[in-house]
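If you want the building blocks of each chain, they are given just below.
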Amino acid sequence: LVSAGEQLAAFRTQDGQAYMVDAYCPHLGANLAAGGRVVGDCIECPFHGWQFRGEDGKCTHIPYAQKVPDFARVRTWHSCEVNGMLLVWYHCERIGPTWAVPEQREITTKEWVFRGQTEHLVDAHIQEIPENAADTAHLAFLHGPAILGGSDLRYTRSKLWDFMKHIWKAEWRPEPEPNEHCSRLLVQHTTTVFEKHISLMDSTVSARQVGPGLVFLTFEHTFLGRGIILQTVTPLEPLLQNVVHKIYYQKNMPAIIPKFILRAECIQFERDITIWNNKQYLPKPLLVREDSSIQKHRRWYAQFYSEKSMRLPVQKLGLDW
């Protein structure tokens, strides 16, 4: 696994507990995740058989040594297994978790079942992706054209699909204490065909952002039922993000329904990706009064940076370097 520029190894002990440790063995640098195996509550290095305990990373056995040095250990990472995902806590100053990931009751009770996922690599500043929630103006322009027009921005505004429009009414706001690390986007979605409102396609979407890289996107539809898309944003490099969407839906609904919803969401998301992959992050954007929620979002998101957070190098202008 690669997360925030770190190479990690995830494994499940024989009693079922999941752990996350540094991938490289401190002995001679072999990758524990490439050929390593689980022995009891330890992960065994494929090179020399050193065994490291998942709980605290301590080396418990070296097959050819009489004594295991007290300092022989691999770094462990705070992690939790919730909503069918193994999540790792990253803080560049190694401060432990300050909040917990909420459990989605319907996933735990299996009322909602897994119906598929998508995965995208996005070449952008990590903040660009969540900031979309506060940029309500882009919804009408970028996401208004029918999903039938696809995700290629050259054709989304084609006259061919002009008869159908998506209308979005959205409001973003941060949550109060003790959930100041969370924010919510409430969206009312309606569809028109030949300017006539099709109430059958009305839906309510609530996007709850938890921390900098996790979103709970819950859907409610009068006829198509309820479900959720879990979005995770994992930074691989300073300007490279791995975005995964997993959909869970009412098990009494035909699988074609959540698969259609995930496909529609994927088309809309890929429109954003075209923008993100080719844009520049502006620390001081030129905003108008109607963009005020973008500045509010930036103030809210600033809590996830710390003194030692990785900063992008200052761009040089011209060739005087």
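Bear in mind that the values here come from a model prediction, so they are computed numbers and not experimental data.

Quick look at the domain arrangement of the protein now. The parts lose accessible area when they come together, and the size of an interface is often stated as this lost area. Taken as a whole, the protein is organised into domain 1 (2–77) and domain 2 (105–299). Taking only C-alpha atoms, the centre of domain 1 and the centre of domain 2 are 38 Å apart.

A word on the UniProt feature "domain: Rieske" (unreviewed entry) in the protein. Listed under "domain: Rieske" (unreviewed entry) in the UniProt record, and renumbered for this structure, are residues 1–88. The straight-line gap between the two end C-alpha atoms of residues 1–88 is 11 Å; of that span, 0% is helix and 41% is strand.

This part is about the pattern of salt bridges. Overall, the coordinates contain 11 salt bridges when judged by the stated rule. A salt bridge links Glu131 to Arg298; the nearest nitrogen and oxygen atoms lie 2.8 Å apart. Of the two residues, Glu131 is situated in helix H2 (residues 128–131) and Arg298 in helix H5 (residues 292–301); the sequence distance between them amounts to 167 residues. Each of the two residues, Glu131 as well as Arg298, counts as buried. In this structure, Glu220 engages Arg226 in a salt bridge whose closest nitrogen and oxygen atoms are separated by 3.9 Å. Exposure remark for Glu220: the relative accessible area of 46% places this residue in the partly exposed category. What makes Arg226 partly exposed here is its relative accessible area of 34%. Each of Arg105, Glu106, Glu111, Glu220 and Arg226 takes part in salt bridges that share partners, so that together they form one network.

What follows deals with the environment of Leu240. Mapped onto the elements, Leu240 comes out in strand S18 (residues 240–250). The sequence separation of Leu240 and Ala124 amounts to 116 residues, and the corresponding C-alpha distance is 5.9 Å. If near-sequence neighbours (up to four positions away) are discounted, Leu240 is found in contact with Leu121, Val122, Asp123, Ala124, Thr234 and Pro235.

Turning to H5, a few remarks are in order. All of the buried residues along H5 are Ser293, Ile294, His297, Arg298, Trp300 and Tyr301. Each buried residue of H5 lies within a common arc of 160° when the element is viewed along its axis, so the set occupies one face.

Let us now look at the sheet that holds strand S5 (residues 42–44). Spatially, S4-S5-S6-S7 is the arrangement adopted by the four strands of the open sheet, whose pairing is antiparallel. Each edge of the open sheet is held by one strand with a lone partner, namely strand S4 (37–39) and strand S7 (59–61). Across this sheet, the average inter-strand angle for adjacent strands is 40°, counted without regard to direction. Bridge analysis of S5 against strand S6 (residues 51–53) gives three bridges, and the strand direction is antiparallel. Among the inter-strand pairings, Glu44 is bridged to a residue of S6, identified as Gln51.

Rules behind the numbers
Residues numbered from 1 in each chain as written. Predicted model: local features only at pLDDT ≥ 70, side-chain atom pairs only at ≥ 80, totals over all residues. Heavy atoms only, no water. Domains from an automatic or database assignment. UniProt positions renumbered as here; feature names shortened; annotations may be inferred. Helix = DSSP H or I, 4+ residues; strand = E, 2+ residues; numbered from the N terminus. Salt bridge = Lys/Arg side-chain N within 4 Å of Asp/Glu carboxyl O. Buried < 20%, exposed > 50% of the residue type's maximum accessible area, 1.4 Å probe, protein only. Contact = heavy atoms within 4.5 Å. Arc of directions from axis to C-beta. Pairing = 2+ DSSP bridges. Axes fitted to C-alpha atoms, helices over the stretch in contact; angles between N-to-C directions.

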